[in-house]
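Survey of secondary and tertiary structure
In case you want the letters, here they are:
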Amino acid sequence: MRALITCYGSGGDTYPFLAIALALHHQGHEARVLLNGHFLDTAHRLGVDAHASGESLGPQVVADHPRYMDPWKGTMIVLKEIMTAHARPDYAALLEHAESFQPDVIVGHQVSFAAPWAAETLGVPFATTAIAPTGWPSIDNPSQFPGMPDRDTYPRFATKLGTMMARWTMSRALDGPLNTIRAELGLPAQRDFLLERCFAGAANLGLWSPAFRPPVSDDPPNSTVAGFPFLPDAPAAPEVDEFLDHFATEGRPAIVVSLGTTVVHLGERIYAAAAEACAAMDRPALLLVGTEAACARLAPLPADVMAYPAAPHGAVFPRAACAIHHGGIGSTAQSLRSGRPAVVIPHAHDQFDNARRCRMLGQSITLPKRRANAGGIRRAIEAALQLTGGAHQIGKRVRREGGPACAAEAIAGLAISSPTVPT
């Protein structure tokens with residue numbers, strides 16, 4: 001079985017598909033991944049058959065376009081300016097690679113709009129993947145979208161109304177531009193690309209742990225909650241290991257602060273506040289700040305606080321007393337898996353809902369960005385450390401799951417069942 005996979009975006013949008021490609025290979029199948037060229041070297045180091053599709057965008061693009069992380073409008077801006085524009089080159093790349101690769105199934109990120117188009121053209125089944133629960137709007141298990149209050153439950157009538165408004169807003173914003181591209185490609189017009197057409201394929205895969213968000217009755221058709229698709233663990237740099245090991249030996253595990261691969265470029269104020277908070281608590285801290293230049297701008301730092309460009313979360317979160325992160329789905333997954341408590345400072349997109357779900361699990365404290373000063377971070381760390389026992393139990397459950405293998409099995413099954421491709 002050969003799977004042609006397409007994804008585009010940041011690390012959190014890309015790494016899950018590299019993990020699935022590796023799992024498919026392990027199960028005896030072939031997989032080719034079309035992705036943001038910025039991650040091409042990473043994919044090749046892992047041994048994945050990967051190729052660039054569209055413009056190569058580095059995570060630092062948010063430093064030049066901070067509105068991509070606007071808490072109210074950021075998601076719509078990204079969908080319109082990046083993902084819609086990517087549909088045309090992605091469609092061409094999918095058809096080009098299909099000639100030589102001859103896929104039995106096409107797999108796409110939920111916002112890889114061209115994936116079902118290529119499957120439609122080629123006459124092969126397709127699977128859509130959502131990397132976070134916000135991709136599956138539900139009345140039975142509603143998500144917290146930007147602007148909504150952080151609550152354990154929401155009134156059912158309000159959730160229904162909000163879902164209707166979101167569907168209408170997304171269709172109004174995206175259907176016209178995407179149908180213009182389809183017309184240029186000789187394809188008929190469609191509607192509701194984000195919340196209907198992407199769920200019309202043979203399978204819908206939720207790439208998160210059932211402990212994080214279980215299956216519910218109004219999930220998309222043919223759906224599977226597969227589990228978080230973790231990549232094989234990579235080591236941290238020797239100097240990071242030495243720093244963490246030194247304080248662990250003293251019985252003072254560090255606070256690890258990371259704002260992922262994109263928000264990190266907007267987060268120097270939070271890193272400075274975290275350094276001040278940890279120094280006031282007499283706690284060591286490791287700040288993963290994105291670049292060497294950012295390390296230099298933060299200097300001088302308090303004693304027992306280290307700034308470093310980046311380290312794999314899987315290598316450092318399990319050794320922390322507490323992790324501070326932004327709620328991106330990749331950081332959230334590694335935080336839950338680590339078994340350590342967290343402070344989550346959401347900025348945009350799915351991050352508010354991810355933070356809420358971790359809080360409801362008893363694994364984290366949510367700290368609004370506006371309150372992420374030294375005092376606010378200190379109080380949040382103190383509260384999060386009280387959650388250590390519960391976080392440990394959640395970590396054990398997540399580590400038992402086999403997300404990449406489960407997703408790979410579902411994808412391989414499509415080639416066997418050969419379902420009808422929608423038109």
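Here the structure is shown first, and the text comes after it.
Residues numbered from 1 in each chain as written. Predicted model: local features only at pLDDT ≥ 70, side-chain atom pairs only at ≥ 80, totals over all residues. Heavy atoms only, no water.

**Some points on the pattern of salt bridges**
If the charged atoms of two oppositely charged side chains come close together, the side chains can form a pair. Tallied over the full model, the rule gives 20 salt bridges. One salt bridge connects Arg 32 with Asp 49, and the closest N-O pair in it is separated by 2.9 Å. With Arg 32 in strand β2 (residues 30–35) and Asp 49 in strand β3 (residues 49–52), this pair connects stretches of sequence that are 17 residues apart. When its relative accessible area of 14% is taken as the criterion, Arg 32 is described as buried. Of the charged contacts, one joins Glu 120 and Arg 182 as a salt bridge, the two residues approaching to 3.3 Å between their closest N and O atoms. Highlighted residues: Glu 120 in helix α5 (residues 114–122) and Arg 182 in helix α6 (residues 156–184), separated in sequence by 62 residues. For Glu 120, a relative accessible area of 21% gives the class partly exposed. Here the residues in one salt-bridge network are Glu 250, Arg 252, Asp 282 and Asp 304, joined through shared partners. (Salt bridge = Lys/Arg side-chain N within 4 Å of Asp/Glu carboxyl O. Helix = DSSP H or I, 4+ residues; strand = E, 2+ residues; numbered from the N terminus. Buried < 20%, exposed > 50% of the residue type's maximum accessible area, 1.4 Å probe, protein only.)

**Here we look at the nonpolar core**
Counting 68 residues, the largest nonpolar core has Phe 113, Trp 117, Ile 255, Leu 287, Val 343 and Ile 377 as the members making the most contacts within it. Within the second largest apolar cluster, 46 residues are counted, among which are Leu 24, Val 33, Ala 127 and Ile 131. (Core = buried A, V, L, I, M, F, W, Y, C linked by side-chain atoms within 4.5 Å.)

**What to know about the sheet that holds β2**
Here we have seven strands laid out as an open sheet, ordered β3-β2-β1-β4-β5-β6-β7, and parallel in their pairing. The open sheet has two free edges, formed respectively by β3 and β7 (223–225), since each of these has just one partner strand. Strand-to-strand, the axes of this sheet are offset by a mean angle of 20°, without reference to chain direction. Examined bridge by bridge, strand β4 (residues 105–109) and strand β5 (residues 126–130) share four bridges and lie parallel to one another. Residue pairing for β5: Ile 106 is matched across the bridge by Phe 126. (Pairing = 2+ DSSP bridges. Axes fitted to C-alpha atoms, helices over the stretch in contact; angles between N-to-C directions.)

**Overview of the environment of Ile 20**
If you trace the backbone, Ile 20 turns up in helix α1 (residues 11–26). With a relative accessible area of 0%, Ile 20 lands in the buried category. On a C-alpha basis, the gap between Ile 20 and Gly 403 in space is 8.3 Å, while along the polypeptide they are 383 residues apart. With residues up to four places along the chain from it excluded, the contact list for Ile 20 reads Leu 207, Pro 229, Ala 407, Ala 408 and Ile 411. (Contact = heavy atoms within 4.5 Å.)

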